[in-house]
Amino acid sequence: MSAVDTNTAALPEEEHDRAVAITWRAYAKALLRDRVAFVSAVFLLLLLIAAAGAHLLAPYDPNHANLGARFVPPLGTARDGGFHLLGTDELGRDLFSRLMHGARVSMSIGLLGALCSGIVGITLGVLAGFYRGLLEDLLMRAVDGMMALPSLLIALFILFVIGPGFANLILIFTLLHWMVFARMARSLTLNHQQSTYITAARAIGGSDRRIILTHLLPNMVSPLIVLFTLEIAVLILSEASLSFLGFGVQAPQSSWGLMIARGREYISSAWWLVVMPGAAIFLTALALNLVAAWARAITDPVQRWRWLTPPRRKNQPVDHDA
Amino acid sequence: MPYLLRRFLQSLTLLFVLVSFVFVVGRIIGDPALIMLGTSATETALDQLRENLGLNEPIWRQYLVFLGDLAQGDFGVSFRYGFSMMPSDALRSEGTPVLPIVLERLPATFLLAGTALVFAFALAVVLGCLAAMYPRSWIDNLVNVISLASVSVVQFWLGLILIIVFSVQLGLLPTGGYGSWQHLVLPALTLAARPLGRISQVVRSAMLDELSRPYIAAARAKGVPEWRVVFVHALKNASIPIVTITGDELSQLLTGAMLVETVFAWPGVGLLLIDSLGRRDLPMAQAGICVVAALVILVNLAVDFAYTVLNPRIQMDNRGGRA
Amino acid sequence: MREMHPSQTTDATPAPLLEVRDLRVSFDTPHGLVKAVGGVSWTLSPGETLGIIGESGSGKSVGLEAIMGLIKSPPGHVAGQVLFEGEDVLTMKESRRRQLRGEKIAMIFQDAMSALNPALTVGTQIAEVYRLRRRCSQTEAERKAVELMDRVKIPSAKSRVRCYPHEFSGGMCQRVMIATALALNPLILIADEPTTALDVTVQRQIMTLLADLQREDGMALVLITHDLGLVAETVDRAMVMYAGRVVESAPVSALFDAPSHPYTRGLIRSMPRIDGASGALHAIGGTPPAAGRMPRGCAFHPRCTHRIDRCRAERPALRPVAPRHTAACHLVEEMTHD
């Protein structure tokens, strides 16, 4: 379903100690060195600020209709002198302000959906990996089965019956995306359980709860964060699709997907109404994917040296006698 | 138990679970009469419909009747499809059986998904192989960009962009509809974007894997031309992960077609399904979902069959579940 | 019949078929540039058998791969000259080099099981290059494959030509590899540890087969191995490599009778002897240096029991010890009179 490779699941145990030695500063430096990842991270940060502070930062009231300023193209000025960076829509509402408020909905659905499915999935996955037995058997069967079913179709049908809306979307996403987390959490648990430090924690009489919370989970954080980031992107895209079909967010709330659906009616006259919200989705998902790829590379023990050590000068002459 | 038989039984189980799920969601979580007539319907109309549909029976009986009907290919009748009158009037008629209507729409969906897959697959194999042959070249970068973009873009938006460029601005191709090859171009391209990115990425990494194996050096050492080393020696061995991802993408295509069909008014199962949901036509929607899901399950099964053909050495019983 | 070089009939030392001059191979790695082969020169005459001896990591395989043009660049860098019949293999076009491979120079590998393509039948693989170069039909190619399988003594070749490699044993796979190499009657066969992965009885069969084929076809054989016993039995001339350089080169009898480099001596003394004459087995202390961490001076000095101060500072050059016998040691004179 998502772009997650299984190879992120396999972190050798001995990397644990060395991982600690690499400081946050080294990560920050590596991020500065990787221009693409750095730009993506900055973009996401700005987006979060814009979404959170939309009511303060947006140049216009997103719902204020201004019939004198209908269909102003991007970078255009309305008759009343108002400048519109991304133009206005059929009611003369400022597209840029609407995108900022839409970001709030799209981002919070992505974040909340990933958070809820992550909590459910990780809990189940860790328990299955830790206690094995029947629980694991049943869970993995459910995971395999659900991953084989077309999730968009099922989401549509449930939303059709229970009705659309923000809360229902989160519910559906939790229901249909926990498996991804469960699968990875289980395999990570299995990997770590064979390692010495878990045995040692057992030997000194640590309780199951303590072992899971203080030994297992902290060591699973980095691959799970990578997965979490990717899932946010997947969910933002799913939300857009569902809203586009009319089963997601409902007016007066507005998400990027819904904005595209509305703009579609004016596709031949006001292209920006379709292009801009879609571009916002595309850039956000792209930035999330890029940051996830960077985070995966930097936490992958095989590739890490490439990022955490300064690059060798290019075109260095090869000296065979050196 | 032989591997394929076991997989077949698993697929049947999955189908059964799916059908039961449709029953539970449609009939227990929701009230079919309310779904079909809407909240504005009168109490008498609702009661009459409940009576007609047998909704006053005990739930376990309803479930058995539902399963029995499905087994005979009876997905119920639609009171909406092809009726222009008020729903309450339509209810007095016999209704239209839904399954034939769904099946009628299948060829259009197959044509669209098939074209998209063939196009994406062929291009992805060539691009992926070239990227593996020349790591860090411009073509390798291109494959990276395509695969990243393809998982970041919303399909329906891509379709709309293509409409803006090729239909609205350039006037080259129709904005939607069905009939000539011109109608097929834009929807097929839209649908092909995602599998193109995913498959080319898998081809690239599988080929990089194979190209580093000893038999490749041996083939080069005996003087086999490079194109043959890549496209015959390595590609044949890389075929298993490629078939896996292609199968996954084909099932994605079948559901992805839903959005693309909506954008381009392409009369396939997806468009029918979305229209039925909009018309609150529960039986039609149920039939559409069951048919599409059955196709997805069938594709997964077919991929497993393909494994046994591609590599008779596979220890089928040792292989775990597939995503 | 193959054409002979004109000088071969007149001179005692025939003109070389293959001449390697100062071959150097290095690789870019995360830890910087690593030298695998550092300036190796040797020649091969038509019909000759040359043994290249060394521990794993001594650069013997990498050097041969460089000669075949199989080192990818980057990360690899190849310098020097490799003259085949007077033409430099390293600077020629890839298409010309590919012509040489198979047609003139063929190679067989250590682990035949993994050097055969698991997805193609053995018949296809044996006759593949034959079919491509001679542009013959599928049936003709299969006939050729059966013929070659007969030559390398694979029993019931006709019925097994359509089998896959996994249906063959390790020894049979190596025979398939050899058949593949013979398809175009090459002038040189490079065998990279051809018997290492096989058990002892099969090893002997493969070596006998190679010797027979060489006698019949008159091709030159380069045998890369770490097995001195194998060298003593099959080779005319032997070259000992250590840490990417040649440390001693001599006709095989001279090498065993009068080894002039401490490393060669160590190797010979660590060989189990059938007559049991020398008593206890001797092992060379220490381990060969990692490619990235070459010691200064003579690469062998940390393990050498004869080392003097000069060994630490200065790398010894190859010096003549006797006719056609050279060694790279500061103490060559003392060693030979020992």
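Each value, and the rule that gives it
Residues numbered from 1 in each chain as written. Chains lettered and ligands numbered in written order. Predicted model: local features only at pLDDT ≥ 70, side-chain atom pairs only at ≥ 80, totals over all residues. UniProt positions renumbered as here; feature names shortened; annotations may be inferred. Contact = placed C-beta atoms within 7 Å. Nonpolar A, V, L, I, M, F, W, Y, C, P; charged D, E, K, R; others polar. Pairing = 2+ DSSP bridges. Helix = DSSP H or I, 4+ residues; strand = E, 2+ residues; numbered from the N terminus. Axes fitted to C-alpha atoms, helices over the stretch in contact; angles between N-to-C directions. Domains from an automatic or database assignment. Parallel < 35°, antiparallel > 145°, perpendicular 65-115°, else oblique. Left-handed = near helix turned anticlockwise from the far one by under 90°.

- If you look chain B up in an unreviewed UniProt entry, it shows as ABC transmembrane type-1 domain-containing protein from Pseudoponticoccus marisrubri.
- As recorded by UniProt, the Sequence similarities (unreviewed entry) comment attached to chain B reads in full: "Belongs to the binding-protein-dependent transport system permease family."
- As stated in UniProt under Subcellular location (unreviewed entry), the record for chain B gives "Cell membrane".

- An unreviewed UniProt entry annotates chain A as ABC transmembrane type-1 domain-containing protein originating from Pseudoponticoccus marisrubri.
- Listed under Sequence similarities (unreviewed entry) in UniProt, the entry text for chain A is "Belongs to the binding-protein-dependent transport system permease family."
- Under the heading Subcellular location (unreviewed entry), UniProt records this for chain A: "Cell membrane".

Regarding the interface of chain B and chain A
Reasoning step 1: Listed per partner, the contact involves 38 residues of chain B and 35 residues of chain A.
Reasoning step 2: Of the residues assigned to the side of chain B that touches chain A, the class counts are 29 nonpolar, nine polar and no charged.

Section: the sheet that holds strand S4 (residues 76-84) of chain C
Picture the strands of a sheet paired through backbone hydrogen bonds; they go either parallel or antiparallel.
All names here are of chain C.
Reasoning step 1: Strand order in the open sheet formed by four strands is S2-S1-S4-S5, and the pairing between neighbours is antiparallel. Strand pairing shows two members of the sheet lacking a second neighbour, strand S2 (32-44) and strand S5 (87-88), which therefore form its edges.
Reasoning step 2: By the bridge criterion, ten bridges tie strand S1 (residues 18-29) to S2 in an arrangement that is antiparallel. Counterpart to Asp 28 in the pairing with S2 is Leu 33.
Reasoning step 3: The sheet contacts of helix H2 (residues 60-67) involve S1, S2 and S4, and relative to S1 the element is tilted by about 110°.

Overview of the domain arrangement of chain B
All names here are of chain B.
Reasoning step 1: Domain annotation for chain B reports domain 1 (3-99) and domain 2 (106-310).
Reasoning step 2: Each of domain 1 and domain 2 has a C-alpha centre, and these two points are 34 Å apart.
Reasoning step 3: Sorting the residues of the side of domain 1 that touches domain 2 by element identifies helix H1 (3-29), helix H2 (32-37), strand S1 (77-78) and helix H6 (98-133) as the ones contributing at least two each.
Reasoning step 4: Sorting elements by how many residues they give to the side of domain 1 that touches domain 2 places H1 first, with ten residues.
Reasoning step 5: Per-class residue counts for the side of domain 1 that touches domain 2 are 15 nonpolar, five polar and two charged.

Section: the UniProt feature "domain: ABC transmembrane type-1" (unreviewed entry) in chain B
Reasoning step 1: Summarizing the sequence annotation, UniProt attributes the feature "domain: ABC transmembrane type-1" (unreviewed entry) to residues 106-303 of chain B in the numbering used throughout.
Reasoning step 2: Overall, residues 106-303 of chain B shows 85% helix and 0% strand. The separation of its end C-alpha atoms is 20 Å.

Focus: the environment of Asn 66 of chain A
Reasoning step 1: By secondary structure assignment, the location of Asn 66 of chain A is in the loop between helix H4 (54-57) and strand S1 (76-77).
Reasoning step 2: A C-alpha to C-alpha distance of 6.1 Å links Asn 66 of chain A and Leu 91 of chain A, two positions 25 residues apart in sequence.

Considerations on the UniProt feature "transmembrane region" (unreviewed entry) in chain B
Reasoning step 1: Mapped onto this numbering, the UniProt entry gives "transmembrane region" (unreviewed entry) at residues 12-30, 110-133, 145-168, 253-274 and 286-310 of chain B.
Reasoning step 2: As a span, residues 110-133 of chain B carries 100% helix and 0% strand, and end to end its C-alpha atoms are 34 Å apart.

Section: the packing of helix H3 (residues 35-52) of chain A against helix H12 (residues 272-299) of chain A
All names here are of chain A.
Reasoning step 1: It is at 9 Å that the axes of H3 and H12 come closest, and there the two elements cross at 130°. Our classification of the angle between H3 and H12 gives oblique. Here H3 runs over H12; the crossing is left-handed. Contacts between H3 and H12 involve Val 36, Ala 37, Ser 40, Ala 41, Phe 43, Leu 44 and Leu 47 on the former and, on the latter, Leu 283, Thr 284, Ala 287, Leu 288, Leu 290, Val 291 and Trp 294.
Reasoning step 2: When grouped by side-chain class, the residues that make up the contact of H3 with H12 number twelve nonpolar, two polar and no charged.

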